[in-house]
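One-letter residues, chain by chain:
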Amino acid sequence: MLRLRLFEGGYCTHRQKMALRSGALHTVTFPSIFGVIEHPQRGVILFDTGYGSHFFSATVPLPERAYRWVTPVVLHSEETAVSRLRQLGYRPDEVTHIIISHFHGDHVSALRDFPNARFVFLDSGYRHVKPLNRLQGVSIGFLKDLLPPDFESRALALSLSDTRYQVGLPDPLGDGLDLFQDGLIRLVPLEGHFAGQVGALLETTVGSVFLVADACWFRQSFETLALPHPIAMARMYNPKQYVQDLERIQAFHKYHPQAHIIPSHCSESKAIYDQGVCHDDPQSREFHAPTGI
């Protein structure tokens, strides 16, 4: 089984109503949650990276600075993925893989901090962002300067049609990809929010955990099918698919009520998971690097 720790790698602020149309007009925080996964054979793996220092350097010039104006970001040095890993006793060069849910800046800002990691993502996502110029990238929340210069040489770009990885997922999720062909990390296509977005269904020491990235932003969203504001919906890569993704997540929640579902910006869901880890799996309070990293 895997061991999973969730961390908030900084946060941005925006009006609650944009993410939840029934919400309020006041400004709320959206933590950028990332996962540290300890795999018994594959070592230390990240699911996204949260914000990193590179976000601020990448958003100094225009038009990139507009990204920071629209969603102001707060990040303390001890919250970065590198700092969180060091707190757990890991060096950045020990990270073997980073699963990129999608290429929005708040999910990839610290990629440059991990020199040995392979980057795992859906090829459709990278094909979508690679040809964009700077203005086009900013318009959809992608900052090319966040990618390391050797990004492509370290890429493990997966295709949903690749039979080597294809696997059936628990109802009602359909088909996905088994990253290491061991059933521990299965990738779930959730492309409504962003081209190539994937979630990760993990088999952990405390049961199944479904990291759904930005398929929704709040727990209330998948519990009640509460949609974002129409303005936010209009900016989705595929609004119809977004609704279908949310319906699948809600159905999964009903079929598998013991599984933890974690949207990437939901503090409530993270708190519920953290409480479960502390109560049900005392041994997972400490991380120990597996042999052979």
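We now turn to the structure provided with this report. (Residues numbered from 1 in each chain as written. Predicted model: local features only at pLDDT ≥ 70, side-chain atom pairs only at ≥ 80, totals over all residues. Heavy atoms only, no water.)

**Concerning the packing of aromatic side chains**
Then, in step 1: Evaluated as defined, the whole model comprises 14 aromatic pairs.
Then, in step 2: Centroid distance Phe55 to Phe56: 5.6 Å. Interplanar angle 85 degrees. Geometry classified as edge-to-face.
Then, in step 3: Through successive ring pairs, a cluster of aromatic residues spans Phe103, Phe119, Phe121, Tyr126, Phe142 and Phe151. (Phe/Tyr/Trp six-rings, centres within 6.5 Å; stacked < 30°, edge-to-face > 60°.)

**What about helix α10 (residues 239-255)?**
Then, in step 1: Relative to the 24 Å expected for 17 residues at 1.5 Å per residue, α10 spans 24 Å between its end C-alpha atoms, a close match to the ideal helical length.
Then, in step 2: Among all positions in α10, only Tyr242, Asp245, Leu246, Arg248, Ile249, Gln250, Ala251, Phe252 and His253 are buried.
Then, in step 3: For α10, the elements touching its buried residues are β10 (185-189), β11 (198-204), β12 (207-213), α8 (219-224), α9 (230-234) and β13 (260-263). (Helix = DSSP H or I, 4+ residues; strand = E, 2+ residues; numbered from the N terminus. Expected span 1.5 Å × (residues − 1). Buried < 20%, exposed > 50% of the residue type's maximum accessible area, 1.4 Å probe, protein only. Contact = heavy atoms within 4.5 Å.)

**Some remarks on the nonpolar core**
Then, in step 1: Residues Ile98, Ile100, Phe103, Phe114, Phe151 and Phe210 are the most contacted members of the largest nonpolar core, which totals 65 residues.
Then, in step 2: Among all residues touching Phe103, those that are not within four sequence positions of it are Val108, Phe121, Gly125, Tyr126, Val129, Gly141, Phe142, Leu147, Phe151 and Phe194.
Then, in step 3: Listed in part, the 29 residues of the second largest apolar core include Leu2, Ile37, Tyr165 and Leu184. (Core = buried A, V, L, I, M, F, W, Y, C linked by side-chain atoms within 4.5 Å.)

**Remarks on the pairing of β13**
Then, in step 1: Neither face of β13 is exposed, since His260 and Ile262 on one face and Ile261 and Pro263 on the opposite face are all buried.
Then, in step 2: Pairing analysis gives 4 bridges linking β12 to β13, with the strands arranged parallel. By the bridge assignment, Ala213 is partnered in β13 with Pro263. (Pairing = 2+ DSSP bridges.)

**Digging into the environment of Tyr237**
Then, in step 1: Secondary-structure assignment places Tyr237 in the loop between α9 and α10.
Then, in step 2: Along the sequence, Tyr237 and Arg86 sit 151 residues apart, while their C-alpha atoms lie 36 Å from each other.
Then, in step 3: Residues within four places of Tyr237 in sequence aside, it is in contact with His128, Glu191, Gly192, His193, Phe194 and Ala195.

**Here we look at unusual backbone geometry**
Then, in step 1: In this chain, Leu62 is followed by Pro63 through a cis amide linkage whose omega measures 5 degrees.
Then, in step 2: Here Pro63 lies in the loop between α2 (53-58) and α3 (65-70).
Then, in step 3: That bond from Asp171 to Pro172 is cis: its omega, 0 degrees, falls within 30 degrees of zero.
Then, in step 4: Residue position: Pro172 is located in the loop between β8 (166-168) and β9 (175-178).
Then, in step 5: Non-glycine residue Asp48 carries a positive phi angle of around 65 degrees.
Then, in step 6: Looking at the element boundaries, Asp48 is found in the loop between β3 (43-47) and α2.
Then, in step 7: Assessed through its relative accessible area of 0%, Asp48 is described here as buried.

What is shown is where atoms sit, not what they do.
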